[in-house]
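Fold and geometry: a report
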Amino acid sequence: MAKEIERKFLVRSDGWRSAVETKSVLRQGYIASMDDRSVRVRILDGRKARLTIKIGRSAITRDEFECDIPIADAEELLQNAIGVVIEKTRYRVPHEGFVWEVDVFTGEHRGLVIAEVEMTAETDDPALPTWVGREVTGDFRYSNQALATEYGHDRHGLSHSA
């Protein structure tokens, strides 16, 4: 069983852009959403689709199960997603031994920029790049799950400022 161990931050500047290794365009939505679990469908660059199940309440670590699915199935599932379909471009940015994923949101969340760093253990202590700001790890409002399923409920409570 895979584990997702990550920290999440708002982004304060464009300093990360010069170090980008790759970028991908993502569309994703949630088919099921509960406090401690979710089922997500994601289409990556219009060429690949995945179904992901996440289980756990920890702010940093959750169980994660993923499998590839046909794009046509993913499109149909997105039509039945809860709330809004998230649209974003994800940039992979290496920094001092860790790879950061910087998500630049478009669509309903245009202007929001969040950086996540995946770790192999909760005790990992990645060096924070100068371009990250306030940590939002564990703040459910900044989870993709909440951004999709809670859209409209607390959208004015989100800060886009780091």
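Our structure's up above, just so we're on the same page.
Okay, so let's go over this structure. Note that this is a predicted model, so its numbers are computed, not measured.

1. A few points about the pairing of strand E4 (residues 48-55)
- Where strand E3 (residues 37-44) meets E4, eight bridges bridge the pair, whose relative direction is antiparallel. Each bridged residue has a counterpart across the sheet, and for Arg 40 the counterpart in E4 is Thr 52.
- Adjacent in sequence and paired antiparallel, E3 and E4 are bridged by three residues, among which Asp 45 carries a positive phi angle near 55°.
- Bridge count between E4 and strand E5 (residues 61-69): seven bridges; the pairing is antiparallel. Note that in E5 the partner of Ile 55 across the bridge is Asp 63.
- With antiparallel pairing between neighbouring strands as the criterion, E4 and E5 make up a hairpin whose turn holds five residues, including Gly 56 at a positive phi of roughly 140°.

2. Focus: the pattern of salt bridges
- Inspection of the entire model under this criterion finds 18 salt bridges.
- For the salt bridge of Lys 3 with Asp 63, the shortest nitrogen-to-oxygen distance reads 2.5 Å. Within this pair, whereas Lys 3 is found in strand E1 (residues 2-11), its partner Asp 63 is found in strand E5, the two being separated by 60 residues in sequence.
- Of the charged contacts in the structure, one is a salt bridge between Glu 66 and Arg 40, with a shortest N-O distance of 3.8 Å. Separated by 26 residues along the polypeptide, Glu 66 in strand E5 and Arg 40 in strand E3 bring together distant segments of the chain.

3. Digging into the environment of Arg 110
- Within the element layout of this structure, Arg 110 appears in the loop between strand E7 (98-105) and strand E8 (113-118).
- Looking at Arg 110, the relative accessible area reads 60%, which means it is exposed.
- For the pair formed by Arg 110 and Glu 87, sequence separation is 23 residues and the distance between their alpha carbons is 8.8 Å.

4. Some details on the packing of aromatic side chains
- All chains considered together, the criterion is met by three aromatic pairs.
- Between Trp 16 and Tyr 91 the ring centres are 5.0 Å apart and the planes differ by 50°, which places this aromatic pair in the tilted class. Of this pair, Trp 16 sits in the loop between E1 and strand E2 (22-34) while Tyr 91 is found in strand E6 (residues 82-95), placing the two residues 75 residues apart along the sequence.
- The exposure class of Tyr 91 is buried, given its relative accessible area of 13%.
- Following the ring pairs from residue to residue traces out a cluster consisting of Phe 9, Trp 100 and Trp 131.
- In this arrangement the basic side chain of Arg 17 is found over the ring face of Tyr 91, its NZ or CZ atom lying 5.6 Å from the centre.

Reading the values: the criteria
Each residue is numbered by its place in its chain's sequence as written, counting from 1. Residue-level local features of this predicted model are given only where pLDDT is at least 70; pairs of side-chain atoms are given and counted only at 80 or more, and the full residue set underlies all totals for whole chains, interfaces and linings. Hydrogens are left out, water is left out, and the side-chain values use all remaining heavy atoms of the structure. Pairing between two strands is assigned when DSSP locates at least 2 bridges connecting them. The secondary structure listing takes helices from DSSP runs of H or I that are at least 4 residues long and strands from runs of E that are at least 2 residues long, numbered from the N terminus. Within this document, salt bridges are pairs made up of a side-chain nitrogen of Lys or Arg and a carboxyl oxygen of Asp or Glu, the two lying within 4 Å of each other. Partly exposed residues are those whose accessible area sits between 20% and 50% of the maximum for their type, while under 20% is buried and over 50% is exposed, using a 1.4 Å probe and protein chains only. Only Phe, Tyr and Trp rings take part, Trp by its six-membered ring, and two of them pair if their centres are within 6.5 Å. Stacked means planes under 30 degrees apart, edge-to-face means over 60, and tilted covers everything else. Consider the ring centre and the ring normal. A charge sits over the ring if Lys NZ or Arg CZ is within 6 Å of that centre and within 35 degrees of that normal.

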